[in-house]
Amino acid sequence: MTTAHTAPEHVRGAAPAPAPRWTVGRPRVGDGAQLWRLARESGTLDVNSSYSYLLWCRDFADTSAVARAEDGRPVGFVTGYLRPDAPGTLLVWQIAVDAAYRGLGIAGALLDHLSERVAGTQPLDAVETTITPDNEASERLFGAYARRHGARVSRTVLFPSAAFPAPGHEAEVLHRIAPLAF
Ligand SMILES: CC(C)(COP(=O)(O)OP(=O)(O)OC[C@H]1O[C@@H](n2cnc3c(N)ncnc32)[C@H](O)[C@@H]1OP(=O)(O)O)[C@@H](O)C(=O)NCCC(=O)NCCS
């Protein structure tokens, strides 16, 4: 499933800027390197090895999605998996959008597309993710997703700061969005 979008037009001065076109769909192994770049350039995500993004695009493509510019280049992605002990729960691992494409609704569209695609193949009743307390954009993104789907958000600390080996890592707060119905 690939979904096409035209972003709202933004007016700069007198001349309207062209509205970027983008689509969302499944990742391919060939996207792995660009996903790693997007994570590295996000400024906030933990950057995993490039190998892990390649592997994710191969083995977890069913529970991940990318947004592509017109030339096919990924400009956003969401990676996730179904929790082995709770297969009705989609854990969103990372989500990022190229800085030049932010504010266009791409991250929200990625979450909607992914959860609807997963729900089309098996029962899905919850989305979980972890967010650090200072990440307002992420709070807003997942809060808006919960409102669109008529679900509640519950918050509990999953990994306190002290659980991380390096000092200074913020706590990761689990956001559970449920119940979901598709
Ligand atoms: C978070 C991120 C993915 C949002 O991507 P995006 O495509 O710009 O988001 P959207 O346009 O779909 O916006 C979704 C919602 O978040 C809100 N939002 C997005 N960026 C925001 C910001 N910087 N500050 C406050 N709210 C923001 C939008 O207003 C919208 O809410 P609304 O529907 O109530 O208006 C993007 O800013 C990013 O890549 N950040 C760096 C990586 C990161 O922090 N990832 C999340 C880690 S859990």
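Because the structure is a prediction, the values reported are computed rather than measured.

(A) View of the nonpolar core. Core analysis: the biggest nonpolar cluster contains 30 residues, and V78, I95, I106, L110, L111, F142 and I177 have the highest contact counts within it. At seven residues, helix α3 (residues 106–119) tops the list of elements feeding residues into this core. Look past the residues within four positions of F142 in its chain and what remains in contact with it is V92, I95, L111, T129, I131 and I177. One finds L38, A39, C57 and V66 within the second-largest nonpolar core, a separate group that totals eight residues.

(B) Quick look at the environment of R37. Considering the arrangement of structural elements, one finds R37 in helix α1 (residues 32–41). Note on R37: relative accessible area 37%, which makes it partly exposed. Note: C-alpha distance between R37 and Y51 (14 residues apart in sequence) is 12 Å.

(C) Inspection of the site of the ligand at higher detail. The immediate surroundings of the ligand are formed by 22 residues, with T44, I95, V97, G103 and G105 found nearest. For the ligand, a nitrogen atom lies 2.8 Å from a polar atom in the backbone of I95. At 3.0 Å, a side-chain N or O of N135 approaches an oxygen atom of the ligand. Coverage of the ligand by the protein chains reaches 75% of its 920 Å² of free accessible surface. Ranked by the residues each element gives to the shell around the ligand, the list is headed by helix α4 (residues 136–148), at seven residues. Considered class by class, the residues forming the shell around the ligand number ten nonpolar, eight polar and four charged.

(D) Spatial organisation of the confidence of the model for the protein. Confidence in the prediction for the protein averages 93 pLDDT; 92% of positions are at 70 or higher. This stretch, residues 8–13, has a pLDDT under 50; its non-local contacts, to residues over four places away or in other chains, come to ten contacts.

(E) Region of interest: the side chain of S52. In this structure, S52 sits in helix α2 (residues 50–59). Among the residues examined, S52 registers a relative accessible area of 17% and is labelled buried. Engagement of the side chain of S52 in a polar contact is seen with the backbone oxygen of S49, the distance being 2.7 Å.

(F) Looking closely at the packing of aromatic side chains. One pass over the structure, following the stated rule, counts six aromatic pairs. Summarising the aromatic geometry, the rings of Y53 and F77 are spaced 6.2 Å apart at their centres and angled 80° between planes, so their arrangement reads as edge-to-face. Here Y53 is found in helix α2, whereas its partner F77 is found in strand β6 (residues 74–83), with 24 residues between them in sequence. Each member of the pair, Y53 as well as F77, carries the same accessibility label: buried. Note on F159 and F164: the rings are 6.4 Å apart at their centroids and 90° apart in plane angle, and the pair reads as edge-to-face. You can call F164 partly exposed: its relative accessible area is 22%. Within the aromatic cluster, the residues linked to one another by ring pairs are Y53, W56, F60, F77, Y81 and W93.

The rules behind the values
Residues numbered from 1 in each chain as written. Predicted model: local features only at pLDDT ≥ 70, side-chain atom pairs only at ≥ 80, totals over all residues. Heavy atoms only, no water. Core = buried A, V, L, I, M, F, W, Y, C linked by side-chain atoms within 4.5 Å. Buried < 20%, exposed > 50% of the residue type's maximum accessible area, 1.4 Å probe, protein only. Helix = DSSP H or I, 4+ residues; strand = E, 2+ residues; numbered from the N terminus. Contact = heavy atoms within 4.5 Å. Near = heavy atom within 4 Å. Polar contact = N/O pair within 3.5 Å; in protein donor to acceptor, adjacent residues only side chain to side chain. Areas by Shrake-Rupley, 256 points an atom, 1.4 Å probe, with all protein chains shown as cover. Nonpolar A, V, L, I, M, F, W, Y, C, P; charged D, E, K, R; others polar. pLDDT = per-residue confidence, 0-100. Phe/Tyr/Trp six-rings, centres within 6.5 Å; stacked < 30°, edge-to-face > 60°.

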